[in-house]
Amino acid sequence: MQRRRFLGLMGAAGVSLAASGKAKAAGKEFHGYPGSNAVLFDATRCIGCRECEAGCQKVNDLPMPEKPFDDLTVLDQKRRTNSDNFTIVNKYDVGREKPVFRKFQCNHCLEPACASACFVRAFKKEPNGSVTYDASVCVGCRYCMIACPFEVPTYEYHEALTPRIRKCHMCYERQLEGKLPGCVQACPKEALTFGDRDTIIKIARERIRTNPGKYIDHIYGEHEMGGTSWLYVSGVQFDQIGMRDVGTTSAPELTAGALAAVPVVVGLWPVLLGGIWAVNKRKEKIAAQEREEAVKNAVAETQEKAQQKMSEALTKAEESAQRRIDNEVKKAVDEALKAKEEEAKGEGEDSKQDEGEGA
Amino acid sequence: MSAETHTGSKSVMTPFNIVAGIIIAAGLVVTVLRFTGGLGAVTNLDDNNPWGIWIGFDLLCGVALAAGGYTTSAACYIFGLKRYHSAVRPAILTAFLGYALVVFALHYDVGRPWRLPYPIFVQQGYTSLLFEVGLCVFLYLTVLFLEFLPVPFEWLKKTKVRNILVKATLALTIFGVVLSTLHQSSLGALYTIAPSKLHPLWYSAYLPVFFFVSSIAAGLSMVIFEGTLSHKYLHRMMDQEYQRHHDVVVLGFARACSFVLFGYFMIKVIGVAYDNTWHYLATGYGTWFLIEMLVFVALPCFLYAVGARDKNTKLIKWTAVLTVLGIVFNRFNISLIAYNYHLPSSERYFPHIMEIIISVFIVTIGVVIFRFISTRMPIFYEHPLYKSDH
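Residues numbered from 1 in each chain as written. Chains lettered and ligands numbered in written order. Predicted model: local features only at pLDDT ≥ 70, side-chain atom pairs only at ≥ 80, totals over all residues. Heavy atoms only, no water.

Peer 1: For the overall build of chain B, give the residues involved together with the corresponding values.
Peer 2: Along its length, chain B carries 15 helices and zero strands. The C-alpha radius of gyration of chain B comes to 21 Å, within 12% of the 21 Å expected for a compact globule of 390 residues. Projected onto its principal axes, the C-alpha coordinates of chain B cover approximately 60 × 55 × 45 Å. The proportion of buried residues among the 390 residues of chain B is 56%. Nonlocal contacts in chain B, meaning residues at least 24 apart in sequence, comprise 79% of its contacts between residues at least 6 apart. The averaged location of the 19 negative side-chain charges in chain B is 8 Å from the averaged location of its 27 positive side-chain charges. (Helix = DSSP H or I, 4+ residues; strand = E, 2+ residues; numbered from the N terminus. Rg over C-alpha atoms; globule rule 2.2 N^0.38 Å. Buried < 20%, exposed > 50% of the residue type's maximum accessible area, 1.4 Å probe, protein only. Contact = heavy atoms within 4.5 Å. Lys, Arg positive; Asp, Glu negative; His and termini not counted. Charge placed at Lys NZ, Arg CZ, Asp CG, Glu CD.)

Here it is, written out as structure tokens:
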């Protein structure tokens with residue numbers, strides 16, 4: 001699937017990616033492995049005997065509970081699966097004569113939220129329909145528990161150093177041996193039917209069609225979360241027996257948008273940010289140039305003005321100097337003339353005197 | 001008595017050291033319990049509530065509040081706002097410590113911490129948004145480390161290495177913004193896988209965008225908030241350059257943060273309109289949502305604007321506190337309060353006292369290391385040897 005590879009682009013950031021060799025489906029949507037198995041749970045047939053719980057405990061070597069399985073008082077309390085129980089049956093009082101019982105375990109989605117959410121690929125959808133878990137790579141982040149809409153994965157909270165995620169694996173290994181899952185084999189009322197998924201859906205439809213009024217017209221799991229390998233038919237609305245409406249969008253589709261944004265950000269952000277940087281750099285450069293030019297101009301202008309002023313001052317000074325020289329000259333000439341005149345006058349008087357003396 | 005330490009005449013028995021010492025001692029005790037008894041021994045986590053405050057506070061808030069690193073360095077080096085240069089180093093140091101502590105905190109939360117490199121080096125789950133978070137945090141921590149390295153190199157007077165690193169500043173900054181964009185948003189995107197578990201008012205296909213935009217507001221506010229604290233307690237370390245620019249940074253960041261919060265408010269409204277979840281506003285969760293939107297988004301947006309207009313740094317500093325609280329409020333709402341809203345209250349999560357001790361312990365370690373580094377290395381002042389060559 002293409003969208004599963006989007007993060008592969010992050011490989012460019014220095015991460016070697018071992019491409020998962022298996023191409024799962026040709027198209028973008030995955031509708032499960034052809035011929036994979038499924039189990040049908042019929043809530044109208046379940047009598048809450050807990051034989052399925054006992055069967056599960058036995059085939060999976062899980063610890064036996066304090067109260068024996070034939071003690072049905074435990075049904076009075078709402079229970080959930082935990083690290084020691086992969087499946088449980090709950091009793092629901094729906095206002096009818098008899099209560100309704102519902103078995104609960106991993107639903108083995110066609111596109112499992114846990115597998116899509118796991119960052120070390122510890123979960124795997126197997127071709128036979130099982131969703132299996134590999135504890136040898138699990139980090140224990142518990143994001144699978146956040147992601148699962150059915151609240152299936154459980155955790156060994158009291159394990160100090162080697163906690164595992166625990167959940168039903170649809171008896172993957174028994175299936176490979178050609179055996180039925182432990183719970184299906186243990187059910188005395190045929191409330192559980194095992195077979196290939198397409199057939200199971202046909203059987204479920206047939207039951208709804210041939211028993212008017214007994215069932216509501218909904219096969220839970222046919223489309224929920226993109227389809228599951230565990231299917232349910234019931235005589236009452238599913239939300240009355242603790243099964244929420246979780247929508248029909250598969251987990252990978254829910255996160256596809258966010259994952260698709262990754263290569264866009266990786267590709268465009270550096271260009272955008274680099275562009276902004278370059279624009280700013282250019283602006284700074286131009287600003288610096290302009291500043292320089294302005295300074296140069298200003299200096300030149302001032303210089304010119306100064307020169308002009310100087311030359312003006314010089315001319316003025318020259319003029320005044322000239323004037324002064326002229327004045328001086330004039331004065332000197334005048335004085336000289338005066339002196340001469342006086343001399344001339346004095347000579348005249350002298351001659352007069354001389355004349356007078358001579359007389 | 002070994003009262004003499006390298007600090008010389010000063011006593012080690014300061015009130016700060018005593019309180020920090022008690023917290024660290026308590027943290028170490030819980031650490032022993034955690035790694036001998038498992039998560040069950042020290043937390044209230046269970047199969048319905050696998051993530052508690054170690055993820056909600058230490059990871060989600062820690063990463064958002066460390067966003068000051070990429071916002072400040074982007075403002076200074078990419079957007080060319082050189083007047084924020086003095087704020088870059090404290091912000092980078094905080095971001096580096098913040099991310100380092102996020103990774104440290106994860107060691108408590110995950111089951112097998114020594115396998116934390118697995119998703120990157122052993123088997124890559126690249127369909128997972130958590131893989132994106134992990135990869136980006138790993139790479140960004142490296143980038144922050146390289147961005148921070150000039151500081152110790154200046155301190156040790158290793159000019160050559162320091163100069164090579166300084167030359168790489170722009171490349172590192174761009175890489176840092178890309179990585180931050182990716183993992184800030186993918187933290188929000190983590191929750192897009194669980195539409196049936198997160199309350200419709202908080203669930204949105206836009207969660208990645210919400211987380212990214214709010215992280216910018218968080219980063220800017222943290223720089224103001226932490227600058228204020230540093231001003232109060234580390235004043236002696238600051239040079240005139242830093243002090244002269246401090247108010248410029250505060251005013252500029254306040255103005256920017258007001259805009260970002262306004263944008264955030266708008267896209268949150270668009271989110272409600274897009275999913276048509278108006279009718280939930282009349283419920284109890286709706287009131288809670290409105291408190292978040294009005295008290296912790298719209299109000300600080302307005303107060304920042306007023307503070308920037310009036311140059312009222314005191315108002316701005318208090319608004320930064322409000323905004324930081326708002327981010328914590330938002331991250332808690334998504335990871336703890338509005339998550340699993342369909343469960344009856346008896347099955348809901350409330351943190352164990354020992355979980356709180358570890359979170360306080362980790363914050364304390366951060367403060368102690370920040371103090372250690374910023375009182376010894378050129379964080380709030382320029383090293384005399386490398387003055388003004390940026």
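Peer 1: Break down the UniProt feature "transmembrane region" (unreviewed entry) in chain A for me, with residues and values.
Peer 2: UniProt tags residues 258-279 of chain A as "transmembrane region" (unreviewed entry). In this annotation, residues 258-279 of chain A is assigned 100% helix and 0% strand; the end-to-end C-alpha distance for the span is 30 Å. (UniProt positions renumbered as here; feature names shortened; annotations may be inferred.)

Peer 1: So what's going on with the packing of helix α5 (residues 85-109) of chain B against helix α15 (residues 353-374) of chain B? Residues and values would help.
Peer 2: Residue and element names in this part refer to chain B. Contact geometry of α5 with α15 gives a least axis separation of 10 Å together with a crossing angle of 145°. Crossing angle aside, the handedness with which α5 passes α15 is right-handed. Within the contact between the two elements, α5 uses Pro90, Leu93, Thr94, Leu97, Leu101, Phe104, Ala105 and Tyr108 and α15 uses Ile358, Phe361, Ile362, Ile365, Gly366, Ile369, Phe370 and Ile373. A class-by-class count of the residues in the contact of α5 with α15 yields 14 nonpolar, two polar and no charged. (Axes fitted to C-alpha atoms, helices over the stretch in contact; angles between N-to-C directions. Left-handed = near helix turned anticlockwise from the far one by under 90°. Nonpolar A, V, L, I, M, F, W, Y, C, P; charged D, E, K, R; others polar.)

Peer 1: Before we move on, can you summarise unusual backbone geometry with the specific residues and values?
Peer 2: What you tend to see is this: most non-glycine residues have negative phi, and most peptide bonds are trans. The residue A:Glu190 is not glycine, and still its phi comes out positive at about 50°. Among the structural elements, A:Glu190 can be located in the loop between α5 (182-186) and β8 (192-196). Of note, B:Asn340 is a non-glycine position whose phi angle comes to about 65°, a positive value. Looking at the secondary structure, you find B:Asn340 in the loop between α14 (313-337) and α15.

Peer 1: So what's going on with the packing of helix α3 (residues 53-65) of chain B against helix α11 (residues 207-233) of chain B? Which residues, and what values?
Peer 2: Residues and elements named next belong to chain B. The N-to-C vectors of α3 and α11 enclose an angle of 65°; their axes lie 7 Å apart at closest approach. Of α11, the residues touching α3 (which contributes Leu60, Ala64 and Leu65) are Phe211, Ser215, Ala218, Gly219 and Met222. Among the residues forming the contact of α3 with α11, the class breakdown is six nonpolar, two polar and no charged.

Peer 1: Would you mind going over the interface of chain A and chain B in detail, with residue names and values included?
Peer 2: At the interface, 68 residues of chain A touch 64 residues of chain B. Where chain A abuts chain B, roughly 5,900 Å² becomes buried across the two surfaces, and 62% of that area is made up of carbon and sulfur atoms. The largest share of the area that chain A buries against chain B comes from A:Phe119, A:Ile146 and A:Tyr157, three residues that together contribute 13% of it. Run the count over chain A and chain B and you get three salt bridges. Residue A:Arg142 is joined to B:Asp109 by a salt bridge in which the shortest nitrogen-to-oxygen separation is 3.1 Å. Counting the contacts that link chain A with chain B gives 36 residue pairs in polar contact (both at pLDDT 80 or more). Counting residues per element, the ones that place at least two in the side of chain A that touches chain B are α2 (113-117), α3 (143-147), β6 (154-155) and α7 (251-358) of chain A. Considering each element in turn, the side of chain A that touches chain B owes the most residues, 16 residues, to α7(A). Across the side of chain A that touches chain B, the residue classes tally to 43 nonpolar, 14 polar and eleven charged. (Buried area = accessible area lost by both parts, 1.4 Å probe. Salt bridge = Lys/Arg side-chain N within 4 Å of Asp/Glu carboxyl O. Polar contact = N/O pair within 3.5 Å; in protein donor to acceptor, adjacent residues only side chain to side chain.)

Peer 1: Pulling in residues and values, what's your account of the domain arrangement of chain A?
Peer 2: Looking at chain A, the domain boundaries give domain 1 (31-250) and domain 2 (269-331). Computed over C-alpha atoms, the centres of domain 1 of chain A and domain 2 of chain A are 89 Å apart. (Domains from an automatic or database assignment.)

Peer 1: So what's going on with the sheet that holds β8(A)? Which residues, and what values?
Peer 2: Within a sheet, adjacent strands bond to each other through the backbone by hydrogen bonds, running parallel or antiparallel. Residues and elements named next belong to chain A. Overall, mixed pairing links the three strands, which are arranged β8-β1-β9 in an open sheet. In the strand order of this sheet, the two ends are held by β8 and β9 (230-233), each with one partner. Across this sheet, the average inter-strand angle for adjacent strands is 25°, counted without regard to direction. With five bridges connecting them, strand β1 (residues 37-42) and β8 associate as antiparallel partners. Along β8, the bridge assignment pairs alanine 38 with glycine 195. Most of the contacts of helix α6 (residues 197-210) go to β8, to which it runs at about 135°, and overall it touches β1, β8 and β9. (Pairing = 2+ DSSP bridges.)

Peer 1: Please give an account of the pairing of strand β3 (residues 100-104) of chain A that cites residues and values.
Peer 2: Of all five residues making up β3(A), five are buried, and the element is well covered by its neighbours. A two-sided burial pattern is seen for β3(A), the buried positions comprising A:Val100, A:Arg102 and A:Phe104 on one face and A:Phe101 and A:Lys103 on the other.

Peer 1: I'd like a rundown of helix α7 (residues 129-148) of chain B, residues and numbers included.
Peer 2: The terminal C-alpha atoms of α7(B), which comprises 20 residues, lie 28 Å apart, in line with the 28 Å expected from a rise of 1.5 Å per residue. When you tally the buried positions in α7(B), you get 15 out of 20 residues, the bulk of the element. (Expected span 1.5 Å × (residues − 1).)

Peer 1: Tell me about the confidence of the model for chain B, and please be specific about residues and values.
Peer 2: Looking at chain B, the pLDDT average stands at 91 and 96% of residues meet or exceed 70. Counting interchain partners and residues more than four positions distant, the pLDDT-below-50 stretch residues 1-9 of chain B has three contacts. (pLDDT = per-residue confidence, 0-100.)

Peer 1: Describe a nonpolar patch on the surface, and please don't skip the residues or the numbers.
Peer 2: Residue and element names in this part refer to chain B. On the surface, Trp288, Leu290, Ile291, Leu294, Val295, Leu299, Phe302 and Ile337 cluster together into a nonpolar patch covering about 630 Å² of accessible area. No other element matches helix α13 (residues 284-310), which puts seven residues into the nonpolar patch. Structurally, isoleucine 337 can be placed in helix α14. (Patch = residues over 30% accessible without salt bridge, like charges linked within 9 Å, V, L, I, M, F, W, Y side chains within 5 Å. Areas by Shrake-Rupley, 256 points an atom, 1.4 Å probe, with all protein chains shown as cover.)

Peer 1: Give me the lowdown on the nonpolar core, citing residues and values where you can.
Peer 2: As a rule of thumb, nonpolar side chains are buried together in soluble globular proteins. Core analysis: the biggest nonpolar cluster contains 180 residues, and A:Phe123, A:Tyr143, A:Leu192, B:Leu190, B:Tyr191 and B:Leu198 have the highest contact counts within it. Looking at this core element by element, the count peaks at 14 residues for α5(B). Non-local contacts of A:Leu192, meaning those with residues more than four positions away in its chain, are made with A:Val39, A:Leu40, A:Phe41, A:Cys52, A:Lys103, A:Cys183, A:Val184, A:Cys187 and A:Trp230. Ranked by size, the runner-up nonpolar core spans ten residues in total, among them A:Ala38, A:Ile208, A:Tyr215 and A:Val233. (Core = buried A, V, L, I, M, F, W, Y, C linked by side-chain atoms within 4.5 Å.)

Peer 1: Please provide a residue-by-residue account of the confidence of the model for chain A, values included.
Peer 2: All names here are of chain A. Per-residue confidence for chain A averages 87 on the pLDDT scale, and 88% of its residues sit at or above 70. At the low end of the mean pLDDT range in chain A sits α7, at 85; at the high end sits β9, at 97. Contacts from residues 1-27, a stretch scored under 50 in pLDDT, to residues over four places away or in other chains number 51 contacts.

Peer 1: Lay out the side chain of B:Arg331 with the relevant residues and their values.
Peer 2: As for its placement among the helices and strands, B:Arg331 is situated in helix α14. For B:Arg331, the side chain forms a polar contact with the side chain of B:Ser214, separated by 3.1 Å.

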